[in-house]
Amino acid sequence: MDVIKMGVPKIVVLGAGFGGLMTVKTLQKQLHYNEAEVTLVNQNSYHYVTTKLHEPAAGTTHHDHARLPIRSVINERKVKFIQDVVTSVKLEEKKVYLENNEPLNFDYLVLGIGGAPETFGIKGLFEYGFFIRNINSVRVIREHIEYNFSRYQTEGKEELVTIVVGGAGFTGIEFIGELVDRIPELCQEYDVPIDKVKIVNVEAAPTVLPGFDKELVDYAVKYLESKGVEFVLSTPIAECTPEGVLLKGGREVKASTVVWTGGVRGNKVVEESGIETMRGRVKVDEYLRAPGHDNVFVIGDSSLVFNDEGRPYPPTAQMATQQGQVLGKNLVALLRGGQLEPFKYAPKGTVASLGSREAIGIVGGKKVFGGRAAMMKKLIDARWFFMLGGITMVLKKARL
Ligand code: FAD
Ligand code: NAD
């Protein structure tokens, strides 16, 4: 059913990720009929669960476990969904430009289109590297690894079964955790001797997971090293080539697969909107508004929120979800002339998987690791499915 109505305020939400979907879910729950016209725009017909993308990237799960149809979680009597690519936003015109549809007018705009890989201008990464960003990018990684393993028996080159992961942040470590689960299966399928496979994790900082608890980092490193992973620390990747990577200091690692997990920056559309950004991210005010624009809100990976010590919080799904919930309520308050609630991030902890049976984390101030942490991680994933579609969605999608 078409929800376009005349004369009612127009709320346009860009991006059906953690932040955008949570905004829309909150709006559709609280808005009365005809109180606002809500439009959600996303480039795909599905929502992908970014927090699970390391699994299909390594091939330990199918990518369908990390996506679900947007129409299955929104109420189309209250929210109009447009599948399209946002090409630009013109804030002065109050318009959003799309690749295949007419421009959209808005009274309130929510920018929730996520981030983009930060490559720091390193030569060759976009040409020869792979990225864990969305369903298409991880499907390519899995297929690429499988294809190269399949060539090993006939060509015999070790670089075919060498995988370099650039960056040992949480994305890099979670991906390597999945890889070590997958490698034995791949070796069996493609007749590759397991001792020929190399996984090399290159990190610029002196430690894996810089800034995270040392005991938990040591646990992760010991576990992954026991599975054959090589860590190269304090050594930035300087260049990515068709043959592999060149490291600062001159070492070359020959590898047919280079996966870059060196960080995220804001989305290009946000960067080009005229709003002031830092590495593509917008320093939002306490109501998540873009500076100088009372009707434009930025959430998720394109936003920057600072803690009480003036340090930026890392961009996480946890942050985006909480922002979406508060913003949804605030938009309703705005429409009704009520008071806005300031956004205050409440970190619940961090759990990182090391494959399906191991994990590390800090939850409620307590350290967790091993099988217990792995179960917690699965429950955290399941919670997101619950928030989107209740128990039915958990039963359909969660892998406990
Ligand atoms: P996203 O979830 O990235 O959603 C953005 C949406 O906008 C997407 O649907 C995208 O298709 C759409 N979009 C983008 N550009 C356009 C355009 N031009 N036009 C139309 N649509 C567009 N965080 C945690 O808190 N816990 C974790 O365990 C965790 N694990 C992670 C594991 C991995 C492998 C990765 C990569 C990240 C992980 N993160 C985790 C970080 C977390 O996934 C991100 O912070 C979160 O997804 C950000 O949410 P978002 O709503 O800003 O953007
Ligand atoms: P990140 O910025 O957290 O980590 C990137 C890593 O790459 C850093 O350790 C950095 O030192 C390293 N690096 C940068 N340049 C390099 C170079 N030239 N050579 C080698 N190493 C280099 O990025 P991420 O891991 O993609 O995480 C992005 C966000 O998603 C973070 O906020 C993270 O907390 C979140 N996340 C959370 C989880 C979880 O909670 N389980 C999982 C994945 C990601």
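Reading the values: the criteria
Residues numbered from 1 in each chain as written. Chains lettered and ligands numbered in written order. Predicted model: local features only at pLDDT ≥ 70, side-chain atom pairs only at ≥ 80, totals over all residues. Heavy atoms only, no water. Helix = DSSP H or I, 4+ residues; strand = E, 2+ residues; numbered from the N terminus. Rg over C-alpha atoms; globule rule 2.2 N^0.38 Å. Buried < 20%, exposed > 50% of the residue type's maximum accessible area, 1.4 Å probe, protein only. Contact = heavy atoms within 4.5 Å. Areas by Shrake-Rupley, 256 points an atom, 1.4 Å probe, with all protein chains shown as cover. Lys, Arg positive; Asp, Glu negative; His and termini not counted. Charge placed at Lys NZ, Arg CZ, Asp CG, Glu CD. Near = heavy atom within 4 Å. Salt bridge = Lys/Arg side-chain N within 4 Å of Asp/Glu carboxyl O. Phe/Tyr/Trp six-rings, centres within 6.5 Å; stacked < 30°, edge-to-face > 60°. Lys NZ or Arg CZ within 6 Å of the ring centre and 35° of its normal. Domains from an automatic or database assignment. Polar contact = N/O pair within 3.5 Å; in protein donor to acceptor, adjacent residues only side chain to side chain. Nonpolar A, V, L, I, M, F, W, Y, C, P; charged D, E, K, R; others polar. Patch = residues over 30% accessible without salt bridge, like charges linked within 9 Å, V, L, I, M, F, W, Y side chains within 5 Å. Expected span 1.5 Å × (residues − 1). Core = buried A, V, L, I, M, F, W, Y, C linked by side-chain atoms within 4.5 Å. Pairing = 2+ DSSP bridges. Axes fitted to C-alpha atoms, helices over the stretch in contact; angles between N-to-C directions. Left-handed = near helix turned anticlockwise from the far one by under 90°.

Asks: Can you walk me through the overall build of the protein in this structure?
Replies: Looking only at helices and strands, the protein has nine helices and 26 strands in total. On C-alpha atoms alone, the protein measures out to a radius of gyration of 22 Å, which is about the 21 Å that the 2.2 N^0.38 rule sets for 400 residues. Projected onto the principal axes, the alpha-carbon positions of the protein cover approximately 70 × 45 × 40 Å. Burial status across the protein gives 54% buried among its 400 residues. Within the protein, counting contacts between residues at least 6 apart in sequence, those at least 24 apart form 66% of the total. As presented, the protein carries roughly 18300 Å² of accessible surface, and 51% of it is formed by carbon and sulfur atoms. Computing the positive centroid from 49 side-chain charges and the negative centroid from 47, the protein places the two 5 Å apart.

Asks: Before we go on, may I ask you to explain the site of ligand 2 in this structure?
Replies: Taken together, 24 residues lie around ligand 2, and T171, E203, I237, P315 and V351 are the ones closest in. In isolation ligand 2 exposes 840 Å². Once the protein is present, 77% of that is buried. Residue assignment for the shell around ligand 2 shows that the elements contributing at least two residues are α5 (170–190) and β24 (349–353).

Asks: I tried to follow the pattern of salt bridges on my own but got confused; where do I start?
Replies: Oppositely charged side chains may form a pair once their charged atoms are brought near each other. Per the counting criterion, the structure on display carries 25 salt bridges. The shortest N-O distance in the salt bridge between R265 and E271 comes to 2.5 Å. Take E271: its relative accessible area is 29%, and that puts it in the partly exposed class. Linking D285 and R289 is a salt bridge whose minimum nitrogen-to-oxygen distance equals 2.8 Å. The exposure class assigned to D285 is partly exposed, which follows from its relative accessible area of 31%.

Asks: Help me out: how do you make sense of the packing of aromatic side chains in this one?
Replies: For any pair of aromatic rings, the description consists of the separation of the ring centres together with the inter-plane angle of the planes. Considering all chains together, one arrives at five aromatic pairs under this definition. Each ring, one from Y313 and one from Y345, has its centre 4.7 Å from the other, and the planes form 75 degrees; the classification is edge-to-face. Separated by 32 residues along the polypeptide, Y313 in the loop between β23 (303–304) and α8 (317–335) and Y345 in the loop between α8 and β24 bring together distant segments of the chain. For the pair Y313 and Y345, a shared accessibility class is recorded, and that class is buried. One Lys or Arg, R67, reaches over the ring of Y46 and ends 4.7 Å from the middle of that ring. Taking NZ or CZ as reference, K283 lies 5.2 Å from the ring centre of F306, over its face.

Asks: Explanation requested: the domain arrangement of the protein in the structure shown.
Replies: When the parts come together, some accessible area is lost, and that loss is often what is quoted as the size of the interface. Assigned domains within the protein: domain 1 (2–43 + 84–117 + 265–347) and domain 2 (125–262). The gap between the C-alpha centroids of domain 1 and domain 2 is 35 Å.

Asks: Whenever I open this one, the side chain of N201 confuses me. Can you help?
Replies: Along the chain, the position of N201 falls in strand β13 (residues 198–202). According to the relative accessible area criterion, N201 is buried, its value standing at 0%.

Asks: Could you clarify how one ought to interpret the site of ligand 1 in this entry?
Replies: Close to ligand 1 lie 30 residues; G19, N42, V86, D301 and K377 are nearest. One of the backbone N or O atoms of G19 is found 2.9 Å from an oxygen atom in ligand 1. Separating an oxygen atom of ligand 1 from a side-chain N or O atom of Q43 is a distance of 2.9 Å. Here ligand 1, which alone exposes 1000 Å², has 90% of that area covered by the protein. Of all the secondary-structure elements, those providing two or more residues to the shell around ligand 1 are α1 (18–30), α5 and α8. Take the shell around ligand 1: its biggest share by element is three residues, from α8. Taken together, the residues of the shell around ligand 1 sort by class into 10 nonpolar, 16 polar and four charged. Split by domain, the residues of the shell around ligand 1 number at least three in each of domain 1 (2–43 + 84–117 + 265–347) and domain 2 (125–262).

Asks: How should I be thinking about a nonpolar patch on the surface in this particular structure?
Replies: On the surface, a nonpolar cluster with roughly 300 Å² of combined accessible area is contributed by M375, L379 and L400. The residue L400 is located in the segment after α9 (370–397) in this model.

Asks: Whenever I open this one, helix α4 (residues 135–155) confuses me. Can you help?
Replies: Between the first and last C-alpha of α4 there are 30 Å, a value that for 21 residues agrees with the 30 Å anticipated at 1.5 Å per step. Restricting attention to buried positions, one finds in α4 the residues I135, S137, V138, I141, R142, I145, E146, N148, F149 and Y152. Two or three places before N136, at the opening of α4, N134 has a side-chain oxygen 3.2 Å from that residue's backbone nitrogen. One or two residues past the end of α4 sits G156, with phi positive at roughly 70 degrees.

Asks: Any chance you could explain the nonpolar core here in plain terms?
Replies: Across soluble globular proteins, nonpolar side chains show a tendency to be buried alongside one another. L14, L40, V89, V96, L109 and L111 are the most contacted members of the largest nonpolar core, which totals 62 residues. When neighbours within four sequence positions are excluded, L40 is seen to be in contact with V13, G15, A16, L21, V24, I70, I74, V79, K80, F81 and I82. One finds A58, F149, I176 and V197 within the second-largest nonpolar core, a separate group that totals 45 residues.

Asks: Where do I start with the sheet that holds strand β7 (residues 95–98) in this structure?
Replies: Paired through backbone hydrogen bonds, the strands of a sheet run either parallel or antiparallel to each other. The antiparallel open sheet is built from three strands, whose spatial order is β6-β7-β8. Looking at the sheet topology across the chains shown, the edges are occupied by β6 (86–90) and β8 (104–105). Judged from the four bridges that link them, β6 and β7 form a sheet pairing that is antiparallel. Bridge pairing in β7 links K90 to K95.

Asks: Looking at this structure, how should I read the packing of α1 against α9?
Replies: Each pair of packed helices can be summarised by the angle the axes make with each other and by the distance between the axes. Interaxial distance between α1 and α9 falls to 11 Å at its minimum, and their mutual angle equals 35 degrees. Our pair here, α1 against α9, has a crossing hand that is left-handed. On α9, the residues that touch F18, L21, M22 and K25 of α1 are W384, M387 and L388.

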